[in-house]
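Breakdown of the fold
One-letter residues, chain by chain:
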Amino acid sequence: MKKILALLLTLVILCSCASISAFALYDEVTDEFLEAVRVEYDNDKIEKNAVLIYYMKELSENKYVTQYAVSGYMYTCDMVNIVVGNYIIESARPEPVIFADGTMYEMVDAYEKGIINDDDLFLMSTFDEIDMISLKVGGALRFYMGGYRNEDFINVRFEVEGSDTTISDLDENFGDDISGAYKRLEEYFDQLHQKLLNEVLKDVEHIDLVHNNGISVVAIKRKDIEKVSAYDFVTRMNYISKVHMKYIDTFNPRFNEYTYAERAGEVDKKGNLSHAIVTANSLMGSDAEIGFRFGDLIIESPAIYTDFTYGYGVYDYNKDRFYDLYDLRNDVDKYHRLEERLASYKNTRPVGDYDRDKKLSITDTTGIQRHIAGLENMPSGEVYVSHKSEVGYVSDVDNDNVVTVLDATLIQKKLVE
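This is a predicted model, so every value here is computed, not measured.

Here we look at the confidence of the model for the chain
Chain-level statistics for the chain give a pLDDT mean of 88 and a share of 93% at 70 or above. Taken element by element, the predicted model of the chain shows its lowest mean pLDDT in helix α1 (residues 2-15) (47) and its highest in strand β10 (residues 215-221) (98). Counted against residues more than four places away or in other chains, residues 3-26, with its pLDDT under 50, gives 48 contacts.

See the structure below:
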């Protein structure tokens, strides 16, 4: 509803761009308001019927947030983003301002001078006429909030004051007792989590999911997100998808010590979600240049990881489980378009990519033929070895463990097709 009202207001404002017609809600244009407008525009000839007030919402006694225009003045039709406190205000021109004790203030000026405070900003964020976004609420969370109803629970990743504390912050001499220092750090992080639950979420319906390393994941209802973000103790909130939550439950990663991304989702013939490609790994891994063949692709990795060996996994919605991509190498067609999707990702190469430019071309066939004829050495990266010491050749198109003229011929055939 708030977005719809904001859109309608924007359309009204846009329709009045360039020049404002001489009409107004006269009962809202008080003598005090008119005088403040005259001072703001440095024009004591402005009359009440030249002032159009779009809205005027009370924040407290003699303090309002308002948006108005004056007939005869030009306004551009672009949208503006006003960063004030922990919020971004999205608005068409003329910009909303603060009318307090008979004076007009620009929004940022009012905040910096103490005319409005964080409580006022939070109240403003609840007004349907104003489109405000909390800077604490990450972009992904803002985006996915649109797909939930007010009473739906959303998994939220919380960072709070102290989440970035390190072991050296608590104990400069931690080297004398490393295990004890880490224990004290964990105890400190547990205290932060309890403060989040007991103070910030005390009167908010929530589901405590998991916490470690100073980060908490708690499910709260969509309607409470803005309210919770208003607490100074909360420094950042972001979205955790159901698949991401399943990954956390399955692999128990340390927050801030792993990477995660859902790359693509597919549906079955009935239109139901079938699977998602996930790239995820801990930041620690056994250094190794490894690779394996997946259909007509070579999947490479700079390390051997403990969750998904090569950093790629597939989540099956129907079976509610993850598969390591390596374990699917003998069943490439198990999931619709899986190989096609993977082809566009980092650390994948098409079989036959002799010159390592991530595509098949006549240059690859020429290179293979020159190598077979003894005119050039096999290029670096042509040989790949899996984490299980399985050796293969990128240019071995027919998968017979040797590179021959037939492989060059098969590439030429693919190029023609």
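Concerning empty space enclosed by the protein
Inspection of the entire model under this criterion finds one cavity of 30 Å³ or more. The computed volume of the largest cavity comes to approximately 40 Å³. In terms of lining, the largest cavity is formed by V160, F189, L192, H193, H211, G214, I215 and S216. Only α7 (178-200) and β10 provide two or more residues apiece to the lining of the largest cavity. Sort the elements by how many residues they give to the lining of the largest cavity and α7 lands first, with three residues. Here the lining of the largest cavity is built from residues that sort into four nonpolar, four polar and no charged.

Topic: the side chain of S229
For S229, the position within the fold is in helix α8 (residues 225-229). Here S229 is in contact with S134, K136, V137 and M237, once residues within four sequence places are set aside.

Let's talk about the sheet that holds strand β11 (residues 234-239)
Hydrogen bonds between backbone groups are what pair the strands of a sheet, and the pairing can be parallel or antiparallel. One open sheet accounts for four strands, arranged β9-β10-β8-β11; its pairing is antiparallel. Of all strands in the sheet, those with a lone pairing partner are β9 (206-212) and β11, marking the two edges. Taken pair by pair, the neighbouring strands of this sheet meet at an average axis angle of 30°, ignoring direction. Direction of pairing for β9 relative to β10: antiparallel, over a ladder of six bridges.

Criteria and cut-off values
All residue numbers refer to positions counted from 1 along the written sequence of the respective chain. Confidence filtering applies because this is a predicted model: local features only for residues at pLDDT of at least 70, side-chain atom pairs given and counted only at 80 or more, and all residues used for totals across whole chains, interfaces and linings. Water and hydrogen atoms play no part in the side-chain values, which are based on all heavy atoms of the structure. By definition, pLDDT measures how confident the predictor is in each residue, and it falls between 0 and 100. A run of H or I in DSSP becomes a helix once it reaches four residues, and a run of E becomes a strand once it reaches two; helices and strands are each numbered from the N terminus. Residue contacts are defined here by distance: any two heavy atoms, one from each residue, within 4.5 Å place the two residues in contact. With a 1 Å grid spanning the protein atoms alone, the term cavity applies to any set of points in which a 1.4 Å probe fits but cannot get out, the term pocket to an open set with protein on both sides within 12 Å along at least five of seven lines, and the term lining residue to any residue with an atom within 4 Å of a point. Grid points are joined across faces, edges and corners, and a volume is the space filled by probe spheres set on the points. Each residue receives one of three labels: charged for Asp, Glu, Lys and Arg, nonpolar for Ala, Val, Leu, Ile, Met, Phe, Trp, Tyr, Cys and Pro, and polar for the others, Gly being one of them. Any two strands with at least two DSSP bridges between them are considered paired. A fitted line through C-alpha atoms represents every axis, and for helices the fit uses only the stretch in contact; the resulting angles, taken between N-to-C directions, go from 0 to 180 degrees.

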